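Here are the chains, one letter per residue:
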Amino acid sequence: MQRTEVTELILAAKLKKGLKWADIAKKIGLSKEWTTAALMGQMTLDKKRAAIIGKLLSLPPEAVDALQIVPYKGSLPTAIPTDPLIYRFYELINVYGTSIKALIHEEFGDGIMSAIDFSMDIQREADPKGDRVKIVLNGKFLPYKTY
């Protein structure tokens, strides 16, 4: 079974059962952000958590097995995203990427922010002018080494 097929099964079961990502995450004891990434095909679940997901979403055994295989990371079908919400992140990085890079280098030195030793938090913030999306990205700084 292809990992994309597993994702399709997960999305259909989630809808049919009326579950939210946070509901599913709570069942396996992980954040809604990481759990969503895993179930969208970007992370690997251990055997215990994959079994819980399988039972919760009534997945076939081969889908549960697929959840335990290290995926090929990178889920976008094109280099420039066409989905409007994802495109806005692409646009954000195009506009602010050099500023973010300059500020990180000024504060930490020459290096990168890890996407491996990383966490993310997405929250809704009420605002009288229209609710806001608050996203916090928290990655370990990894300095480049000289040798």
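Keep in mind it's a predicted model, so treat the numbers as computed, not measured.

A. Helix H2 (residues 21-28), seen in detail. Taken together, the buried positions of H2 are Ile24, Ala25 and Ile28. Viewed end-on, H2 has its buried residues packed into an arc of 100°, placing them on one side of the element. Set apart from the buried face of H2 by more than 90 degrees, the exposed residues are Lys26 and Lys27. Buried residues along H2 sit in contact with helix H1 (3-17), helix H3 (32-39) and helix H4 (47-57). Where H2 ends, the next residue or the one after it, Gly29, has phi of about 75°, a positive value.

B. Here's a closer look at the pairing of strand S1 (residues 111-125). Alignment of S1 against strand S2 (residues 132-143), held across 11 bridges, turns out to be antiparallel. When the sheet's bridge partners are listed, Asp121 is paired in S2 with Val136.

C. Layout of the packing of aromatic side chains. Throughout the structure, instances matching the rule amount to 2 aromatic pairs. Look at Phe108 and Phe141: their rings are 4.9 Å apart centre to centre, the planes differ by 20°, and that puts the pair in the stacked class. One end of the pair, Phe108, is in helix H6 (residues 84-108); the other, Phe141, is in strand S2, with 33 residues separating them in the sequence.

D. Just the packing of H2 against H3, in detail. At a minimum axis distance of 8 Å, the contact between H2 and H3 shows a crossing angle of 95°. When the axis of H2 is compared with that of H3, the two are roughly perpendicular. Contact with H2, carried on its side by Trp21, Ala22, Ile24, Ala25 and Ile28, involves Lys32, Thr35, Thr36 and Leu39 of H3 and no other residues of that element. Split into classes, the residues belonging to the contact of H2 with H3 amount to 6 nonpolar, 2 polar and 1 charged.

E. Representation of the pattern of salt bridges within the structure. For the structure on display, the rule yields 5 salt bridges. Residue Lys32 pairs with Glu33 through a salt bridge whose shortest N-O separation is 2.8 Å. Note that Lys134 is salt-bridged to Glu125, the shortest N-O span being 3.7 Å. Note on Lys134: relative accessible area 40%, which makes it partly exposed. Judged by its relative accessible area of 35%, Glu125 is partly exposed.

Thresholds applied
- Residues numbered from 1 in each chain as written.
- Predicted model: local features only at pLDDT ≥ 70, side-chain atom pairs only at ≥ 80, totals over all residues.
- Heavy atoms only, no water.
- Buried < 20%, exposed > 50% of the residue type's maximum accessible area, 1.4 Å probe, protein only.
- Helix = DSSP H or I, 4+ residues; strand = E, 2+ residues; numbered from the N terminus.
- Arc of directions from axis to C-beta.
- Contact = heavy atoms within 4.5 Å.
- Pairing = 2+ DSSP bridges.
- Phe/Tyr/Trp six-rings, centres within 6.5 Å; stacked < 30°, edge-to-face > 60°.
- Axes fitted to C-alpha atoms, helices over the stretch in contact; angles between N-to-C directions.
- Parallel < 35°, antiparallel > 145°, perpendicular 65-115°, else oblique.
- Nonpolar A, V, L, I, M, F, W, Y, C, P; charged D, E, K, R; others polar.
- Salt bridge = Lys/Arg side-chain N within 4 Å of Asp/Glu carboxyl O.

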